[in-house]
Amino acid sequence: GTGGVWDAVGGVAAAGKGIVVGVVDTGIAPEHPSFKGDKLKKKNNKKSDGQPYSDGSYVYFDKSDGTQFRSAIVGGQDWDKHDYTTKLVGGQYFSTGAAAAGFDFQYDYLSPRDGDGHGSHTASTAAGNFGVEAQVEDVEFGTVSGVAPAAKVSAYKACYVGPDPLVTTDDICALSDLIAAIDQAVADGVDVINYSIGGGAPSSVLQPDDISFFNAAAAGVFVSVSAGNSGPDASTADHASPWYTTVAASTIPTWEGTVSFDGFEQAGASVSVPFGETVTGPAIYAGDAAAAGAADPRLCQPGALDPAKASGHIVVCDRGVNARVEKSQVVKDAGGIGMVLVNVPGEADSLDNDFHAVPTVHLSSVHREAVLAYVQGGADRPITLTGENTTDETTPVPQIAGFSSRGPMQADGSDVMKPDVAAPGVAILAATNNAKKDKPTFGILSGTSMASPHVAGLGALYLGERPTASPAEVKSALMTTAYDTVNADGSKNTDPFAQGAGQVDATRFLDPGMLYLNGAADWAAFLEGKGLAEFDGIEPIDGSDLNLASISIGT
């Protein structure tokens, strides 16, 4: 809008122009309107008109920094040369490591095509086209756009999905495939890499993918990575190295529903109660609707509910263990007409906009005691679910998501503070995978995986304005212009181990005022000071003396 960052850079058509965003993930849906482009023209002897072109073997794009992007055209399962366009300029896949691990590829595509949706979601968040009509489960959500809609996209598939879409334990992201994808993205000439992939709290700043990212940053590539989803416990953050930007997840204004009963009215996350409509019925706690032999019915796991008790009821289910959408399916299978999903104190307290099998409102753990006291205080007490926030209170945003991993880092002396910044990562609407002939699909996903591509997109916007800026310049600009997130009561959250420098501010980061710059020689001196590597002609420094936009002294 007026005064926004797109306005400041010259409009949507200029937002990330001349920049390529590389996405290392689960692949991409090439026919999705978020990635729609024109057919590639053949290269001629004249200078290009600013659009990507092809010679049949490679896609070429003359970028705004004066260098050229060049990426191989590959074939694969449900993928050919026609899937490359003036928007989707690259698509490659890496599977040698997964194959060596004995992974069964029958549930995914052996090609750059996305069989999961995660890669399409992150790519469209970072650089999807502007003004794409989005619909999920027959619900119209208006239009969506990537942060840098004029940027080009290049997908590097290194993750594959297994048979169960509700779990990740049967998926694979082989480290060797990930490293091959990162290195290829750099070799192709991307300007930005998004890496919404994690492996848990690291013990070192120089893990194998960190080495690849060191080389990427040394080559001038801005890298955005996800902080991980193991919060709210301390020292759970992933990606400890100083040469990339590690991103925490925060909330934004979202779709809400209301749970109300006598003396109680509280808003939570909901897209499954029809907007503006209500569902009313007798309520029962899942723990009181147990099927014979059910081990832990409060979690609404398959087979846990007795239809004789749950049928016709709004069932209150505890969050935890099994997938949230599986819980509502269990309620539906038992004849339930709705669900109140309540978080459990001491566990993850994010609120998620899932598409449930029955009308559902997801409430914070602070309301669990009151809800259970009411529902268990008598038989068939009525509850009403409303498809909007009917309370007089506006939910404070941005809050750091309960699942977002926290610092401080425990890697090599804790002299690098992580996460670096926070960005929207809760209930993010973006593209997902769709089969070649199916209509485009969209999804609302939450995670630091969704936060990282927001920062990758901002990196593309910055480089669109300053094509030769270093990764450290972009990172510094984001950090020094960020602002504090808020707590649940609306007060300032000043915890750097949760939010890093704070919530990124797209309206300010193009004019940071001053910059904390660092480069490969500085990173080498940092590594020497840690005793992790040796470089000719480099003097070691103490880890806390690296010129970052944050100061962390581990001792």
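That block above? That's the structure.
Cut-offs and rules
Residues numbered from 1 in each chain as written. Predicted model: local features only at pLDDT ≥ 70, side-chain atom pairs only at ≥ 80, totals over all residues. Heavy atoms only, no water. Helix = DSSP H or I, 4+ residues; strand = E, 2+ residues; numbered from the N terminus. Rg over C-alpha atoms; globule rule 2.2 N^0.38 Å. Buried < 20%, exposed > 50% of the residue type's maximum accessible area, 1.4 Å probe, protein only. Contact = heavy atoms within 4.5 Å. Areas by Shrake-Rupley, 256 points an atom, 1.4 Å probe, with all protein chains shown as cover. Lys, Arg positive; Asp, Glu negative; His and termini not counted. Charge placed at Lys NZ, Arg CZ, Asp CG, Glu CD. Salt bridge = Lys/Arg side-chain N within 4 Å of Asp/Glu carboxyl O. Pairing = 2+ DSSP bridges. Axes fitted to C-alpha atoms, helices over the stretch in contact; angles between N-to-C directions. Disulfide = S-S within 2.5 Å. Patch = residues over 30% accessible without salt bridge, like charges linked within 9 Å, V, L, I, M, F, W, Y side chains within 5 Å. Right-handed = clockwise from strand over helix to strand, strands pointing away. Phe/Tyr/Trp six-rings, centres within 6.5 Å; stacked < 30°, edge-to-face > 60°. Lys NZ or Arg CZ within 6 Å of the ring centre and 35° of its normal.

Trainee: Please provide a residue-by-residue account of the overall build of the protein, values included.
Mentor: For the protein, the helix and strand inventory stands at 12 helices and 24 strands. In summary, the protein has a C-alpha radius of gyration of 24 Å against a globular reference of 24 Å for 555 residues, a match within 12%. Dimensions of the protein along its principal axes, counting C-alpha atoms only, are 75 × 55 × 55 Å. Taking all 555 residues of the protein together, the buried fraction comes to 56%. Sequence separation of 24 or more characterises 71% of the internal contacts of the protein that already satisfy a separation of 6 or more. Surface accessibility of the protein: about 21,800 Å² in total, with carbon and sulfur atoms responsible for 49%. Side chains of the protein give 33 positive and 67 negative charges; the mean places of these two sets differ by 9 Å.

Trainee: Go over the pattern of salt bridges, please, and point to the residues and values.
Mentor: If the charged atoms of two oppositely charged side chains come close together, the side chains can form a pair. This model, assessed by the stated rule, comprises 13 salt bridges. Residue R113 is joined to E31 by a salt bridge in which the shortest nitrogen-to-oxygen separation is 3.0 Å. Of this pair, R113 sits in the loop between α2 (96-100) and α3 (118-127) while E31 is found in the loop between β1 (20-25) and β2 (41-42), placing the two residues 82 residues apart along the sequence. A salt bridge links D352 to R324, with the shortest nitrogen-to-oxygen separation between them at 3.7 Å. Of this pair, D352 sits in the loop between β17 (338-342) and β18 (360-363) while R324 sits in helix α7 (residues 324-333); the two residues are 28 residues apart in sequence, bridging distant segments of the chain.

Trainee: Just give me the short version of the sheet that holds β1, but keep the residues and values in it.
Mentor: Pairing is parallel across the open sheet formed by seven strands, whose spatial order is β6-β9-β1-β10-β11-β12-β20. Two strands in the sheet have a free side with no partner beyond their single neighbour: β6 (88-93) and β20 (421-424). The mean inter-strand angle of the sheet, taken between neighbouring strand axes irrespective of direction, is 25 degrees. As defined by bridge partners, strand β11 (residues 222-226) adjoins strand β12 (residues 245-250) across three bridges and the pair is classed as parallel. Pairing of V225 across the sheet is with T246, part of β12. Helix α9 (residues 448-465) contacts β1, β10 (192-195), β11, β12 and β20 of the sheet and is inclined by roughly 165 degrees relative to β11.

Trainee: Tell me about helix α12 (residues 520-529), residues and numbers included.
Mentor: Buried within α12 we find W523, A524, A525, F526, L527 and E528. Each element contacted by the buried residues of α12 is listed here: α5 (208-218). Directly after α12, the chain includes G531, whose backbone phi takes a positive value near 75 degrees.

Trainee: So what about the state of the cysteines? Which residues, and what values?
Mentor: Here a disulfide denotes a covalent bond joining the sulfur atom of one cysteine to the sulfur atom of another. Inspection of every chain in the model, using the stated rule, returns two disulfides. Covalently, C159 is tied to C173 through a disulfide, its sulfur atoms 2.1 Å apart. In this structure, the disulfide formed by C159 and C173 twists by about 120 degrees around the S-S bond and is classed as right-handed. Highlighted residues: C159 in the loop between β9 (152-157) and α4 (175-188) and C173 in the loop between β9 and α4, separated in sequence by 14 residues.

Trainee: Tell me about a negative patch on the surface, residues and numbers included.
Mentor: There is a patch of like negative charges on the surface, built from E133, E137, D138 and E140. Inspection of the secondary structure assignment puts E140 in strand β8 (residues 139-144). The class of E140 is exposed, set by a relative accessible area of 52%.

Trainee: Mind laying out the environment of P467, listing which residues take part and the relevant values?
Mentor: Within the secondary structure, P467 is located in the loop between α9 and α10 (471-480). With a relative accessible area of 26%, P467 lands in the partly exposed category. When neighbours within four sequence positions are excluded, P467 is seen to be in contact with S64 and D65.

Trainee: Residue-level account of the pairing of β11, with values.
Mentor: Of all five residues making up β11, five are buried, and the element is well covered by its neighbours. Side-chain alternation along β11 places F222, S224 and S226 on one buried face and V223 and V225 on a second face that is also buried. Once the chain exits β10 it traverses α5 before rejoining the sheet at β11, and the crossover so formed is right-handed.

Trainee: Account for the environment of A98, naming residues and giving values.
Mentor: For A98, the position within the fold is in helix α2. Spatially, the C-alpha atoms of A98 and G131 are 37 Å apart, while their sequence positions differ by 33 residues. A98 has contacts with F103, F105, I172, A174 and D177, leaving out every residue within four places of it along the chain.

Trainee: So, the packing of aromatic side chains: which residues are in play, and what are the values?
Mentor: Evaluation of the coordinates by the stated rule reveals 18 aromatic pairs. Geometrically, the ring pair formed by F141 and F275 is edge-to-face, given 6.2 Å between the ring centres and 80 degrees between the ring planes. Of this pair, F141 sits in strand β8 while F275 sits in the loop between β14 (264-269) and β15 (278-285), placing them 134 residues apart in sequence. Relative to F535, the ring of F214 has its centre 6.5 Å away and its plane inclined at 10 degrees; by these criteria the two rings are stacked. Here F535 lies in the segment after α12 and F214 lies in helix α5, a separation of 321 residues in the sequence. Here the aromatic cluster, defined as three or more aromatic residues joined through ring pairs, consists of F141, W255, F275 and F355. Between K152 and the ring centre of F61, over which it is positioned, the NZ or CZ distance is 5.6 Å.

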